[in-house]
Amino acid sequence: MTAPTPQPFPETFLWGGATAANQIEGAHNADGKGVSIQDVLPKGLMGPRTAGPTPDNLKLEGIDFYHRYAEDIALFAEMGFKVFRFSIAWSRIFPNGDDELPNEAGLAFYDRVLDELEKHGIEPLVTISHYETPLALAEKYNGWTSRKMIGFYERYVRVLFDRYGHRVKYWLTFNEINALVHFPIIGGAILTPPEELSRQDLFQAVHHVLVASALATRIAHETRPDIQVGCMVLAIPVYPLTPDPADVLAVLDADHTNLLFGDVHVRGTYPGYALRHMRENGIELDITDEDREILKNTVDFVSFSYYMSICETAAPDRTTGEGNIIGGVKNPTLQDTEWGWQIDPVGLRVVLNQFWDRWQKPLFIVENGLGAKDELIEVDGRPTVNDDHRIAYLNDHLIQVGEALADGVDVLGYTPWGCIDLVSASTAQMSKRYGFIYVDRDDDGNGTLDRHPKKSFHWYADVIRSNGASLRRGDGRP
Ligand code: BG6
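Residues numbered from 1 in each chain as written. Predicted model: local features only at pLDDT ≥ 70, side-chain atom pairs only at ≥ 80, totals over all residues. Heavy atoms only, no water.

1. Digging into the site of the ligand
Logical step 1: Near the ligand you find 14 residues, and of these E176, A425, S426, K432 and Y434 are the closest.
Logical step 2: Here E176 contributes a side-chain N or O atom positioned 2.6 Å from an oxygen atom of the ligand.
Logical step 3: Between the ligand and W417 there is a distance of 3.1 Å, counted from an oxygen atom to a side-chain nitrogen or oxygen.
Logical step 4: When the ligand sits alone it has 380 Å² of accessible area, and the protein chains cover 99% of it. (Near = heavy atom within 4 Å. Polar contact = N/O pair within 3.5 Å; in protein donor to acceptor, adjacent residues only side chain to side chain. Areas by Shrake-Rupley, 256 points an atom, 1.4 Å probe, with all protein chains shown as cover.)

2. A short note on the packing of helix α2 (residues 65-79) against helix α15 (residues 455-465)
If you want to describe how two helices pack, look at the angle between their axes and the distance between the axes.
Logical step 1: With their axes 8 Å apart at the nearest point, α2 and α15 run at an angle of 55° to one another. Judged by the angle between their axes, α2 and α15 are oblique. Every residue of α15 that contacts α2 at L75, E78 and M79 is listed here: F457, Y460, A461 and I464.
Logical step 2: In terms of residue class, the contact of α2 with α15 is made up of six nonpolar, no polar and one charged. (Axes fitted to C-alpha atoms, helices over the stretch in contact; angles between N-to-C directions. Helix = DSSP H or I, 4+ residues; strand = E, 2+ residues; numbered from the N terminus. Parallel < 35°, antiparallel > 145°, perpendicular 65-115°, else oblique. Contact = heavy atoms within 4.5 Å. Nonpolar A, V, L, I, M, F, W, Y, C, P; charged D, E, K, R; others polar.)

3. Some words on the pattern of salt bridges
Where charged atoms of side chains with opposite charge meet at close range, the side chains can pair.
Logical step 1: Scanning all chains against the criterion turns up 33 salt bridges.
Logical step 2: Linking K119 and E116 is a salt bridge whose minimum nitrogen-to-oxygen distance equals 2.8 Å. Separated by three residues within a single helix, K119 and E116 lie in helix α4 (residues 104-119), roughly one turn from each other.
Logical step 3: Put simply, R224 and D226 hold a salt bridge, and the shortest N to O gap is 3.2 Å.
Logical step 4: A cluster of three or more residues bridged by salt bridges with shared partners is formed by D374, D387, R390, D421, R433 and K454. (Salt bridge = Lys/Arg side-chain N within 4 Å of Asp/Glu carboxyl O.)

4. Observations concerning the pairing of strand β5 (residues 228-235)
Logical step 1: For β5, a buried count of seven out of eight residues is recorded, marking the element as mostly surrounded by other parts of the structure.
Logical step 2: Inspection of the sheet shows strand β4 (residues 170-172) paired to β5 by three bridges, in the parallel sense. Bridge assignment links L172 to a residue of β5, and that residue is G230. (Buried < 20%, exposed > 50% of the residue type's maximum accessible area, 1.4 Å probe, protein only. Pairing = 2+ DSSP bridges.)

5. Here we look at the layout of surface pockets
Logical step 1: If you add up the space inside the largest pocket, you get close to 380 Å³.
Logical step 2: In this structure, the largest pocket is lined by 15 residues; those nearest its centre are D253, H256, Y273, A274 and H277.
Logical step 3: Around the second largest pocket, the lining is made up of 14 residues, and of these R382, P383, T384, P453 and H458 lie nearest the centre.
Logical step 4: The set of elements that each furnish at least two residues to the lining of the second largest pocket consists of β11 (382-384), β14 (451-453) and α15. (1 Å grid on protein atoms, 1.4 Å probe; cavity = no way out; pocket = protein on both sides within 12 Å on 5 of 7 lines; lining within 4 Å. Points joined across faces, edges and corners; volume = space filled by probe spheres on them.)

6. Remarks on unusual backbone geometry
Logical step 1: A positive phi angle, close to 55°, is found at Y131, a residue other than glycine.
Logical step 2: Tracing the sequence through the fold places Y131 in the loop between β3 (123-127) and α5 (135-141).
Logical step 3: A residue is classified by how much of its surface remains accessible, and Y131, at 6% relative accessible area, is buried.
Logical step 4: Phi at N467 is positive, roughly 50°, even though this residue is not glycine.
Logical step 5: Summarising the element assignment, N467 is placed in the segment after α15.

7. Considering empty space enclosed by the protein
Logical step 1: The tally for this structure, following the rule as stated, stands at seven cavities of 30 Å³ or more.
Logical step 2: Here the second largest cavity defines a volume of roughly 100 Å³.
Logical step 3: Residue lining of the second largest cavity: 14 residues in total, with A21, N22, K33, D39 and K59 positioned closest to the centre.
Logical step 4: Those elements that place two or more of their residues in the lining of the second largest cavity are α1 (21-24) and α3 (90-93).
Logical step 5: For the lining of the second largest cavity, the residue count by class is two nonpolar, six polar and six charged.

8. Overview of the confidence of the model for the chain
Logical step 1: With 95% of its residues at a pLDDT of at least 70, the chain reaches an overall mean of 94.
Logical step 2: The least confident element of the chain is helix α7 (residues 179-182), whose mean pLDDT is 92; the most confident is strand β2 (residues 83-87), at 99. (pLDDT = per-residue confidence, 0-100.)

9. Some points on the sheet that holds β3
Logical step 1: Taken in spatial order, the eight strands line up as β1-β2-β3-β4-β5-β7-β9-β12 and close into a barrel, and their pairing is parallel. Direction aside, neighbouring strands of the sheet carry axes that sit 30° apart on average.
Logical step 2: Judged from the three bridges that link them, strand β1 (residues 14-18) and β2 form a sheet pairing that is parallel. Paired with G16 across the strands is V83, a residue of β2.
Logical step 3: With respect to the sheet, helix α14 (residues 388-406) is in contact with β1, β7 (301-306), β9 (363-367) and β12 (411-414), its orientation differing from that of β12 by roughly 170°.

10. Some points on the side chain of Q23
Logical step 1: Take Q23: it is sitting in helix α1.
Logical step 2: When its relative accessible area of 2% is taken as the criterion, Q23 is described as buried.
Logical step 3: One polar contact links the side chain of Q23 to the main-chain carbonyl oxygen of V423, over a distance of 2.7 Å.
Logical step 4: Each residue touching Q23, except ones within four places of it in the same chain, is listed here: G62, I63, H130, W417, L422, V423, S424 and A425.

Written out as structure tokens, the structure reads:
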């Protein structure tokens, strides 16, 4: 028998769950919605792009949250959610991205979602852009390589803050903003194949996104001083594969690539290591004085996704692992998920401490979870899933959040990913499930879309009700 965790969570801790529009909403062409880059990636971010939406793209129907949001939010409320993270589909509001006027029917949908959340006393946490840029912006401007994108994004966020600013306190500007460097099409709506994209164009795109993000923060604060804006980064602790100093330097390089985004968001200026990298690689950014002023609008908090850690080495014969967008080298001491992602609860404590020590900003864990196959069974005549593996994963990670809290890290909340089963971003499968709620749909798109609470649904409700006191010490204990 394992002992209960001794580490208390603060009373204000925001327990909840997270999703993204393109992975849940469906209704891909309803009520004036335009086409997004996700509609032409039927096999996920690793797969090929199609000319237009194709019937094999599971995201086109998603889990039909567009029509079932009230039922889903009621289930979240049953678990006791204090917060729900969702994203707004840019192409519902501006179908082509560069339209002059917003689409009222798209705006009205999110009014209804917010009404429902309010009814249940659930705080919204809104991602403004989650890998779902309008396709027209990719096709006409090659996405964020173009400075014009800052203006289109500004127009979009002004509409969002005007419409919802009085009822949404927590906003995230871009999902996993550092993913742009690794997957330009998803993070930046850049259609140039990565192998043909110059470092100059990539860094210029990074700069445009960073300016747009800071501009959103400025507009939010001008709209309402109580709005809290966070950046959202893909967090990945990098460990040296060996104690060789060359491996430690390889870690420093990898860290710099990822931490650059948080550094600019928190410090409001480019760090020295980034300037050196640009100088030594012939990258000359087009930065205006106005850009420099805008960047000074720093974030209120830092949010991040955490799924795994990786190793780095300077050795040329690298055995790379599968990964959440960022590859890295496999850690021989860790176990893999069914999709090859390495499970490392302690890494969550490491990253929480690293970010807190570095930035001294409140932190929000807005994604974490286990993507796994589930088997639907019947218990007492009701369909359900015995997902003990998911419970163990989440429990062990939350134990480490408790450890970080005890270390003095300021953690605002925890919204595990895919709190209801949804379509995977990397593989576009339904069978890679994260949810507390099973959704009846398979990889071929068959199923009733009925919702069934899993065992983890009741487990998580207990965790929330007890404010973490029901957690058990797990294998992830250091
Ligand atoms: C994050 C993304 O990278 O990982 C989500 O923000 C994504 O959109 C999540 O779904 C899990 O990845 P996957 O590929 O298992 O869906």
